Protein chains: 2
Amino acid sequence: MRKSARRCAVLAVCLIALLGAGAGPLQAEDDPLPSWNEGSTKQSIIDFVTSVTEEGAPDYVEPKDRIATFDNDGTLWVEQPIYTQFVFAMDEVKRQANQHPEWRDKEPFKSAIDGDLKKVAAMGQKGMLEIIAATHSGMTTVEFNESVSDWLKIAKHPRFKKLYTDLVYQPMLELLDYLRANGFKTFIVSGGGVEFMRNFTEQTYQIPPQQVIGSSGVTQYQMWDSSPVLIKQPKVLFVDDGPGKPEGINHFIGKHPIFAFGNSDGDKEMLEWTAFCQRLCFMGLVHHTDGAREYAYDRESSVGKLDKALDEAVAKGWTVVDMKNDWKTIFPPEAAP
Amino acid sequence: MRKSARRCAVLAVCLIALLGAGAGPLQAEDDPLPSWNEGSTKQSIIDFVTSVTEEGAPDYVEPKDRIATFDNDGTLWVEQPIYTQFVFAMDEVKRQANQHPEWRDKEPFKSAIDGDLKKVAAMGQKGMLEIIAATHSGMTTVEFNESVSDWLKIAKHPRFKKLYTDLVYQPMLELLDYLRANGFKTFIVSGGGVEFMRNFTEQTYQIPPQQVIGSSGVTQYQMWDSSPVLIKQPKVLFVDDGPGKPEGINHFIGKHPIFAFGNSDGDKEMLEWTAFCQRLCFMGLVHHTDGAREYAYDRESSVGKLDKALDEAVAKGWTVVDMKNDWKTIFPPEAAP
């Protein structure tokens, strides 16, 4: 029996080590949100997660109902000076210009080809939508995905000179991980195009395509040389912004979130809908207050305007992240070369 | 050391017992599909699942890409003599008739109130859609869900005299379990209304709402006495049938299925789309050949017509379930009283 006794001793040591790791005092490495400064914002998140995951507690929620929804632009990654998808669309106009000689004399394409972002922006939403519709249709879904993923590999942000997928918020990545480690299902609910986002959300946020909800266009099933394809049409199917967010949550998820995070007035209805969850729920807003490390903007911004939702958050006691003071770091550390 | 040695002996016995269970000859209880008769149909399923889950094998597929899609009506539960959702809609006409005096003299509602299914059916798809639109709109999503779930608790099938949720196919429940046990994500992709189905799919099939794709109407976000509601509108948003199935798969899942099961021509495009998965994939059809235990119908049926898809399945070597010969039992055993 001496050999088995020795094996047993090894097993016992392992067990003690395992138990010890859980029972000891909280170490720095045990902090699930290391990029968040200590304070009421961080505490509100931890308190909520603790309350809904503690079995037997009055606010306990079963794992299957732990639904968390996140806006994307300005909540999970940078949206200034202009939405990333729109930069892609402007670049696509240039790339596709040879196939569209008619664009050279026609606005908003002419200005887009000239790279005159200000002039395009001055044409307002109509001009932007025309560019999105023209560059996001007339091809198969496979072709579209290839051009998005090729673009994401090389396009760089004008100020930070980094890939857009590197300009995600480290504190929010930790929050997504923390929620998932506590049995939450994390979803993106964004005004951005669902097919655009799905080209990076699984790798960047560990959120699989089926948990990404966004605006979408109509596609049409066709047979090309006995191969089925889906052709993207220049026709809007669903706008997942403002009141479209709760509509989209109902349409795609079919369950009520108990946790939602946004950063602009486009998230107001999603947060209101979440607040009506009939149990303990969490509503959060990222307030961009850090012009030095990222951007500072709210009520007057044409991109990511935060005005009514900020008033409502303050009035109702929702969590408002003060980026400058609540976040230790903004972006993930540089990947080792 | 004697005490720890004894504990170790106990542990060793347990381990041997565990290993023995795995290493012994295949027992009846190890069969993942006990309601399927042995034969090429059952074998084609097991061969496929083995091929894509065996690490290092040429056809191995990572768990995150193991997407399986199932039609609902006629594939997972009975669809004869008429789609369950339509029976619900007919009953709703009667239930709501008092609030709609105008229905008493107006077809197709008049015949629906009289319970004259044949007359309604004779009015064709237009009449059916009018009844669905009228009974599935003008209320909040919460109210609609209540009426569906109340109805499902009491409505019984005219022939089998059982709740509709008891008329699911036992072999298909086993198949869903078998796929999930092998790391697949199972989705429903049905022409039926997504909000109707979500009232039973989680309990009946262990498929959560966010994995149910179906036809849908527009909803509108409104505030009622400071409470947010979604009002169902009499307007179609998306028809998830025929070519709508691959379109819906792209819209909701954003990944290509490697496994799909249907039973009618409405599933043809979903199966064609799946067959184009660029790796090993599985396409299956339930052929209703069992008039004694269930129903026998295919090319001439107005409900669940199976004609072109059957020809294509035969031509392309897809798996066709012969219900009469391939299934040992049709429905789950009676729950103990």
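Scroll up to find the structure.
Since the structure is predicted, the reported quantities are computational estimates derived from the model, not experimental observations.

Cut-offs applied
- Residues numbered from 1 in each chain as written.
- Chains lettered and ligands numbered in written order.
- Predicted model: local features only at pLDDT ≥ 70, side-chain atom pairs only at ≥ 80, totals over all residues.
- Heavy atoms only, no water.
- Least-squares fit on C-alpha atoms with pLDDT ≥ 70 in both.
- Contact = heavy atoms within 4.5 Å.
- Buried area = accessible area lost by both parts, 1.4 Å probe.
- Salt bridge = Lys/Arg side-chain N within 4 Å of Asp/Glu carboxyl O.
- Helix = DSSP H or I, 4+ residues; strand = E, 2+ residues; numbered from the N terminus.
- Nonpolar A, V, L, I, M, F, W, Y, C, P; charged D, E, K, R; others polar.
- Pairing = 2+ DSSP bridges.
- Axes fitted to C-alpha atoms, helices over the stretch in contact; angles between N-to-C directions.
- Buried < 20%, exposed > 50% of the residue type's maximum accessible area, 1.4 Å probe, protein only.
- Core = buried A, V, L, I, M, F, W, Y, C linked by side-chain atoms within 4.5 Å.
- Parallel < 35°, antiparallel > 145°, perpendicular 65-115°, else oblique.
- Left-handed = near helix turned anticlockwise from the far one by under 90°.
- Phe/Tyr/Trp six-rings, centres within 6.5 Å; stacked < 30°, edge-to-face > 60°.

What follows is about the relation of the copies chain B and chain A. When chain B is brought onto chain A, the operation consists of a screw motion whose angular component is 180 degrees and whose axial shift is 0.0 Å, with 0.0 Å RMSD remaining. Look at the turn and shift together and you get a two-fold axis relating the two. The share of interface residues of chain B whose copies in chain A are also at the interface is 97%, consistent with both copies meeting through the same surface.

By a widely used convention, the size of an interface equals the accessible area lost when the partners come together. The interface is formed by 39 residues belonging to chain B together with 38 residues belonging to chain A. For the pair chain B and chain A, the two sides together bury roughly 3600 Å², of which 65% comes from carbon and sulfur. When the area that chain B buries against chain A is broken down by residue, the three leading residues are Gln210, Tyr221 and His251 of chain B, summing to 20%. Joining chain B to chain A, the criterion identifies 2 salt bridges. Residue Lys255 of chain A is joined to Glu202 of chain B by a salt bridge in which the shortest nitrogen-to-oxygen separation is 3.2 Å. Among the elements of the structure, α1 (2–23), β2 (185–193), β3 (212–224), β4 (227–238), α11 (244–253) and α12 (268–275) of chain B are those that each provide at least two residues to the side of chain B that touches chain A. Residues of the side of chain B that touches chain A, tallied by class, amount to 20 nonpolar, 10 polar and 9 charged.

Attention now moves to the pairing of β3 of chain B. Residues and elements named next belong to chain B. Sheet topology places β2 next to β3; 3 bridges connect them, and they run parallel. Its bridge partner being in β3, Gly193 is matched across the sheet by Ser215. Pairing of β3 with β4 involves 8 bridges; the strand directions are antiparallel. Bridge pairing in β4 places Gly217 opposite Val236. Hairpin connection, β3 to β4: the antiparallel pair is bridged by 2 residues, and Asp225 has positive phi, about 45 degrees.

Let's shift gears to unusual backbone geometry. Geometrically, the link from Glu107 of chain A to Pro108 of chain A is a cis peptide bond, its omega value of 5 degrees lying close to zero. Relative to the helices and strands, Pro108 of chain A is located in the loop between α3 (84–96) and α4 (109–113). Unusually for a residue other than glycine, Lys161 of chain B sits at a positive phi of about 55 degrees. With a phi angle near 45 degrees, Asp225 of chain B is a residue other than glycine that sits in the positive phi range.

A separate point is the sheet that holds strand β6 (residues 282–287) of chain A. Residue and element names in this part refer to chain A. One open sheet accounts for 7 strands, arranged β4-β3-β2-β1-β5-β6-β7; its pairing is mixed. Unpaired on one side and paired on the other, β4 (227–238) and β7 (319–322) mark the two borders of the sheet. Sheet twist, expressed as the mean angle between neighbouring strand axes with direction ignored, is 30 degrees. Two strands pair when backbone bridges link them, and strand β5 (residues 259–262) and β6 are joined in this way by 4 bridges, in the parallel orientation. By the bridge assignment for β6, Gly262 is matched with Leu285. Across the sheet, helix α8 (residues 170–181) lies against β1 (67–70), β2 (185–193), β5 and β6, angled at about 165 degrees from β1, the strand it touches most.

So, on to the environment of Gly192 of chain B. All names here are of chain B. Among the structural elements, Gly192 can be located in strand β2. We classify Gly192 as buried; its relative accessible area is 8%. C-alpha separation for the pair Gly192 and Ile131, spaced 61 residues apart in sequence, amounts to 14 Å. In contact with Gly192, not counting residues within four places along its chain, are Asp73, Gln85, Met197, Gly214 and Ser215.

All names here are of chain B. The strand order across the open sheet built from 7 strands is β4-β3-β2-β1-β5-β6-β7, with neighbouring strands paired in mixed fashion. Both outer strands of the open sheet, β4 and β7 (319–322), are each paired with one neighbouring strand and no more. Between one strand axis and the next, the sheet turns by 30 degrees as a mean value, whatever way the strands run. As paired elements, strand β1 (residues 67–70) and β2 share 4 bridges and run parallel to each other. Note on β2: the bridge partner recorded for Thr69 is Phe187. Relative to the sheet, helix α8 (residues 170–181) contacts β1, β2, β5 (259–262) and β6 (282–287), its axis offset from that of β1 by approximately 165 degrees.

What follows deals with the nonpolar core. Of all hydrophobic cores here, the largest spans 172 residues; its most connected members are Leu175 of chain A together with Leu175 of chain B. Residues contacting Leu175 of chain B, with those up to four places away along its chain left out, are Leu33, Trp36, Ile45, Phe70, Phe259 and Phe261 of chain B.

It is worth spelling out the packing of helix α2 (residues 40–53) of chain A against α8 of chain A at this point. All names here are of chain A. The geometry of α2 relative to α8 is characterised by a closest axis approach of 11 Å and an angle of 15 degrees between their N-to-C directions. Judged by the angle between their axes, α2 and α8 are roughly parallel. Our pair here, α2 against α8, has a crossing hand that is right-handed. Touching Ile45, Ile46 and Val49 of α2 are Leu175, Tyr178 and Leu179, all from α8. Taken together, the residues of the contact of α2 with α8 sort by class into 6 nonpolar, no polar and no charged.

Glancing now at the packing of aromatic side chains. Residue and element names in this part refer to chain A. Taken as a whole and assessed by the stated rule, the structure comprises 48 aromatic pairs over all chains. Ring geometry for Phe48 versus Phe282: centroids 5.8 Å apart, planes at 50 degrees, classification tilted. Highlighted residues: Phe48 in helix α2 and Phe282 in strand β6, separated in sequence by 234 residues. The two residues Phe48 and Phe282 agree in class, both being buried.

So, to be careful, I would describe these as geometric facts and stop short of saying anything about function.
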